[in-house]
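Breakdown of the fold
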Amino acid sequence: MKITVSTLCRAKTEGRKFSVVSCYDFTNAKLAVSAGIDVLLVGDSAAQFMLGFDSTLPATMDFMVAITTAVNRAAFEKLIIADLPYESCAAGGEKMVTDSRRFIEEAGADVVKIETSSEQFDDLKAVIDAGIPVMPHLGIRPQTGEYKAQGTTAQIAAELIGFAERVYNAGAQMLLLEGIAREVGKLITQKLLFPVISCGSGPDCDGQVLVLPDILNLKDGAMPKFSKSFADIGKASVEAIAEYDRQIKQNVFPDDQHSYHMKPGEMEKLLELIG
Ligand code: KIV
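Now for a look at the structure at hand. Here, residues in each chain are numbered from 1, in the same order as that chain's written sequence. pLDDT decides what is reported in this predicted model: residues at 70 or higher carry local features, side-chain atom pairs at 80 or more are listed and counted, and totals for whole chains, interfaces and linings draw on all residues regardless. By convention in this description, side-chain values take in all heavy atoms of the structure and omit both hydrogens and water.

Considering unusual backbone geometry
Under the convention used in this document: A helix here means a DSSP run of H or I that spans at least four residues, while a strand means a run of E at least two residues long, and both kinds are numbered starting from the N terminus. Categorising residues by exposure relies on relative accessible area from a 1.4 Å probe, with only protein chains included: less than 20% of the type maximum marks a residue as buried, more than 50% marks it as exposed, and the intermediate range marks it as partly exposed.
Look at the link from Phe-253 to Pro-254: it is a cis peptide, with omega at 0 degrees. Here Pro-254 lies in the loop between α11 (233-249) and α12 (266-274). The phi torsion at Asn-217 lies on the positive side, around 55 degrees, for a residue other than glycine. By secondary structure assignment, the location of Asn-217 is in the loop between α10 (212-215) and α11. Unlike most non-glycine residues, Asn-251 shows phi in positive territory, near 55 degrees. In this structure, Asn-251 sits in the loop between α11 and α12. In this structure Asn-251 comes out as exposed when scored by relative accessible area, which is 67%.

As structure tokens, then:
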């Protein structure tokens, strides 16, 4: 049965946690589905993990629509959340509404994630008022280029809680908190009745998200404090590709088992034909 925001609300009420992965393509979305993940977020971190940029900013709307469509093809029974890229959030206004609608109508997303702050509230509200299901993303917002933990002082924590209440009252469907102090993540989750997803905001939120390249350890270099690898698929992948390389160079692969053959008698005819 299709997972919806109501499914997650029920899980929250019943005290059951749900799982989210950020992934960017059909093949990996299929793996997430087989693993029983509840929600697939098509994050603009694709600009880093798929395209090799050093920030999320170069993700374009057309690119995000294409990869969201691919993930939806693999995982249409899951809740699909699409990430509004920087080009759209920075433009604000009507473009944000039009682009958010593209995710729902063209790409098959169920919810649109929007990195936001109190200064951008009017733009966020315009998307909500257009009837588009929205998940505001508060705390660390990679589109700003700032990666410092948020809500670690009473003043900033109070502002975050106030803004979370404001987006809840404005009609947002759910919330994502990134890199927020655990205590604040817990307070917001307890206070608000919609599903709250933590990305490094502690275990007390209703759901958790990590990017698939971290979960599988597919990338080189450090990962955020809050992230974790659950297997070394990067190492296993390098070993498999190196074995492929070795077998080609030692003429072990491909062998006859991996070759097609002409039909019986056709080789003799061919030799006659070509002299
Ligand atoms: O872009 C992304 O993948 C994200 C998640 C890590 C929350 O924003």
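Regarding the site of the ligand
Selection rule: Only heavy atoms are used to decide nearness, and a residue is near a molecule or strand if one of them lies within 4 Å of it. Two N or O atoms form a polar contact when they lie within 3.5 Å of each other; inside protein one atom must be a possible hydrogen donor and the other a possible acceptor, and for residues adjacent in sequence the pair counts only when both atoms belong to side chains. Method for areas: the Shrake-Rupley scheme with a 1.4 Å probe, in which residue coverage is limited to the protein chains shown. Classes in brief: Ala, Val, Leu, Ile, Met, Phe, Trp, Tyr, Cys and Pro nonpolar; Asp, Glu, Lys and Arg charged; the others, Gly included, polar.
Around the ligand, the neighbouring residues are Ser-22, Leu-41, Gly-43, Asp-44, Ser-45, Asp-83, Lys-113, His-137, Leu-176, Cys-199 and Val-211. In the environment of the ligand, an oxygen atom lies 2.6 Å from a nitrogen or oxygen atom belonging to the side chain of Ser-45. Here an oxygen atom of the ligand sits 3.3 Å away from a polar atom, N or O, in the side chain of Asp-83. Here the ligand loses 94% of its free accessible area of 260 Å² to cover by the protein chains. Of the residues in the shell around the ligand, the class split is four nonpolar, four polar and three charged.

Focus: the packing of helix α6 (residues 93-105) against helix α7 (residues 121-129)
Let me state the cut-off plainly: Between N-to-C directions, angles cover 0 to 180 degrees, with each direction set by a line fitted to C-alpha atoms, over the stretch in contact for helices. An angle below 35 degrees is treated as roughly parallel, one above 145 as roughly antiparallel, one from 65 to 115 as roughly perpendicular, and anything else as oblique. Handedness of a crossing is defined here by the sense of rotation of the near helix relative to the far one, left-handed for an anticlockwise turn of less than a right angle and right-handed for a clockwise turn. Residue contacts are counted whenever heavy atoms from the two residues lie within 4.5 Å of one another.
The interhelical angle for the contact between α6 and α7, taken along N-to-C directions, is 40 degrees, at an axis separation of 9 Å. Classified by the interaxial angle, the pair formed by α6 and α7 is oblique. Crossing handedness for the pair α6 and α7: right-handed. Contacts between α6 and α7 involve Gly-93, Met-96, Val-97 and Ser-100 on the former and, on the latter, Asp-123, Leu-124, Ala-126 and Val-127. By residue class, the composition of the contact of α6 with α7 is five nonpolar, two polar and one charged.

Quick notes on the nonpolar core
Here is the rule: For the purposes of this section, nonpolar cores are sets of buried Ala, Val, Leu, Ile, Met, Phe, Trp, Tyr and Cys residues that join through side-chain atoms within 4.5 Å.
Grouped together as the largest cluster of nonpolar side chains are 60 residues, with contacts concentrated most on Leu-40, Phe-103, Ile-114 and Leu-175. When residues in this core are grouped by element, the largest group, eight residues, is from helix α4 (residues 61-75). Contacts of Phe-103, omitting those with residues within four sequence positions, involve Met-61, Met-64, Val-65, Thr-68, Ala-82, Asp-83, Leu-84, Pro-85, Gly-108, Ala-109 and Val-112. Val-39, Ile-81, Ile-197 and Cys-199 belong to the second-largest nonpolar core, a separate cluster that totals 16 residues.

Describing helix α2 (residues 26-34)
N-capping of α2 is provided by Asp-25, with a side-chain oxygen placed 3.3 Å from the backbone N of Thr-27. Following α2 by one or two positions, Gly-36 adopts a phi angle in the positive range, close to 90 degrees.

Some words on a nonpolar patch on the surface
Worth spelling out the cut-off: Exposure above 30% relative accessible area and the absence of a salt bridge qualify a residue for a patch, where like charges join within 9 Å and nonpolar side chains (Val, Leu, Ile, Met, Phe, Trp, Tyr) within 5 Å. A pair is scored as a salt bridge if a Lys or Arg side-chain nitrogen falls within 4 Å of a carboxyl oxygen belonging to Asp or Glu.
A cluster of nonpolar side chains, namely Met-262, Met-267, Leu-271, Leu-273 and Ile-274, defines an oily patch on the protein surface of about 550 Å² accessible area. The residue Met-267 is located in helix α12 in this model. The exposure class of Met-267 is partly exposed, given its relative accessible area of 39%.

Considering the sheet that holds strand β2 (residues 39-42)
Inclusion rule: Should DSSP find at least two bridges between two strands, the strands are regarded as paired.
What the eight strands build is a closed barrel, ordered β1-β2-β3-β4-β5-β6-β7-β8; its pairing is parallel. Between one strand and the next, the sheet's axes are offset by a mean angle of 25 degrees, whatever the strand orientation. As judged from the four bridges shared by β2 and strand β3 (residues 79-83), these two strands associate in the parallel manner. Paired with Leu-41 across the bridge in β3 is Ile-81. Here helix α1 (residues 5-13) sits on the sheet and contacts β1 (18-22), β2, β3, β4 (111-115) and β7 (196-199); the angle it forms with β3, its principal contact strand, is near 105 degrees. Its contacts with the sheet place α6 against β3 and β4, and it is angled at close to 145 degrees to β4.

Some points on the pairing of β1
Note the cut-off: For a crossover, the right-handed case is the one in which the path from the first strand over the helix to the second runs clockwise, viewed with the strands pointing away from the viewer.
Burial of β1 is extensive: four of the five residues sit out of reach of the surface. With five bridges connecting them, β1 and strand β8 (residues 207-211) associate as parallel partners. Counted as the bridge partner of Phe-18 is Gly-207 from β8. Here β1 pairs with β2 via three bridges, running parallel. Note that in β2 the partner of Val-21 across the bridge is Leu-40. With respect to chirality, the unit in which β1 leads through α2 into the neighbouring parallel β2 is right-handed.

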